[in-house]
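Spelled out from the first residue to the last, the chains are:
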Amino acid sequence: MNNKQQFAELAQKLVKLGENQNEFDFWLKIFDDLAEEKQRELIKMMLAELEQLEKIK
């Protein structure tokens, strides 16, 4: 799975937990323009957020 696929899957899970779809749509549009390091950083933040939301729900 590449970074963009992972991002899209995480975004979908986060939206199901109540996060804003529009924000993820924006990031998905510019994702390919981000440096690979920034892509990984964004994914890492999303994983942390997902973990926190899953604990709450």
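Student: What exactly am I supposed to notice about the overall build of the chain here?
Tutor: From N to C terminus, the chain includes three helices and zero strands. In the chain, the order of α-helices and β-strands from amino to carboxyl end is α-α-α. At 11 Å, the chain has a C-alpha radius of gyration in line with the 10 Å of a compact globule built from 57 residues. Each of the three principal axes of the chain carries a C-alpha extent, and together these read 35 × 20 × 15 Å. For the chain, the proportion of its 57 residues judged to be buried stands at 23%. Look at the contacts in the chain between residues 6 or more apart in sequence, and 65% of them connect residues 24 or more apart. For the chain, the exposed surface amounts to about 4,300 Å²; the carbon and sulfur share of it is 49%. Charged side chains of the chain number 9 positive and 12 negative; the gap between the two group centres comes to 3 Å.

Student: I tried to follow the packing of aromatic side chains on my own but got confused; where do I start?
Tutor: How two aromatic rings sit relative to each other is set out by the distance from centre to centre and by the angle between their planes. A full pass over the atoms with the stated rule returns three aromatic pairs. Ring geometry for Phe7 and Phe24: centres 6.3 Å apart, planes at 65 degrees, overall edge-to-face. Of this pair, Phe7 sits in helix H1 (residues 3–16) while Phe24 sits in helix H2 (residues 21–30), and the two are 17 residues apart along the sequence. For Phe7, a relative accessible area of 1% corresponds to the buried category. Here Phe24 falls in the buried class, since its relative accessible area comes to 6%. Between Phe26 and Trp27 the ring centres are 5.4 Å apart and the planes differ by 75 degrees, which places this aromatic pair in the edge-to-face class. The exposure class assigned to Trp27 is partly exposed, which follows from its relative accessible area of 27%. Three or more aromatic residues link up through ring pairs in this structure, and these residues are Phe7, Phe24 and Phe31.

About the criteria used
Residues numbered from 1 in each chain as written. Predicted model: local features only at pLDDT ≥ 70, side-chain atom pairs only at ≥ 80, totals over all residues. Heavy atoms only, no water. Helix = DSSP H or I, 4+ residues; strand = E, 2+ residues; numbered from the N terminus. Rg over C-alpha atoms; globule rule 2.2 N^0.38 Å. Buried < 20%, exposed > 50% of the residue type's maximum accessible area, 1.4 Å probe, protein only. Contact = heavy atoms within 4.5 Å. Areas by Shrake-Rupley, 256 points an atom, 1.4 Å probe, with all protein chains shown as cover. Lys, Arg positive; Asp, Glu negative; His and termini not counted. Charge placed at Lys NZ, Arg CZ, Asp CG, Glu CD. Phe/Tyr/Trp six-rings, centres within 6.5 Å; stacked < 30°, edge-to-face > 60°.

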